Amino acid sequence: MHAIVAEILHVCEQKTKRTHVIYKANLSHSMLQGYVELAWQSGLLEELPDRSLLITEKGRAYLAHFTTAEKMLKLPSNSAAPEEQQQSSETTQVVGAYT
């Protein structure tokens with residue numbers, strides 16, 4: 001849910017029509033409605049008089065925090081500890097023996 005809201009906010013960093021958000025965030029119209037309502041009620045997104053969407057300052061802060069947290073949780077593929085690399089190698093050998 002948070003990743004979808006973050007994607008919508010990212011798309012709406014510039015004034016954006018709903019159809020553009022649907023295509024860029026790969027959402028259905030009904031899904032977009034629910035997430036936009038959630039983001040609007042939370043003060044992360046505003047709807048302009050022409051019905052286009054724009055991220056708020058609170059939304060920018062949310063997006064920055066989400067991006068930081070996402071980076072912290074992702075581990076580079078070559079950063080595994082030697083023990084983990086050994087286990088991975090052993091697992092591959094065992095699986096290979098059965099295929």
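Residues numbered from 1 in each chain as written. Predicted model: local features only at pLDDT ≥ 70, side-chain atom pairs only at ≥ 80, totals over all residues. Heavy atoms only, no water.

Caption draft 1: Quick peek at the overall build of the protein. Tallying secondary structure elements over the protein gives 5 helices and 2 strands in all. Along the chain direction, N to C, the helices and strands of the protein fall in the order α-α-α-β-β-α-α. Burial status across the protein gives 25% buried among its 99 residues. Taking as baseline every contact in the protein between residues at least 6 positions apart, the subset at least 24 positions apart corresponds to 52%. Only carbon and sulfur atoms are counted for the fraction: they give 57% of the accessible area of the protein, which is about 7300 Å². (Helix = DSSP H or I, 4+ residues; strand = E, 2+ residues; numbered from the N terminus. Buried < 20%, exposed > 50% of the residue type's maximum accessible area, 1.4 Å probe, protein only. Contact = heavy atoms within 4.5 Å. Areas by Shrake-Rupley, 256 points an atom, 1.4 Å probe, with all protein chains shown as cover.)

Caption draft 2: A look at the side chain of Thr56. Looking at the secondary structure, you find Thr56 in the loop between strand 2 (53–55) and helix 4 (57–73). Leaving out residues up to four positions away in the same chain, Thr56 has contacts with Gly43, Leu44, Leu45 and Glu46.

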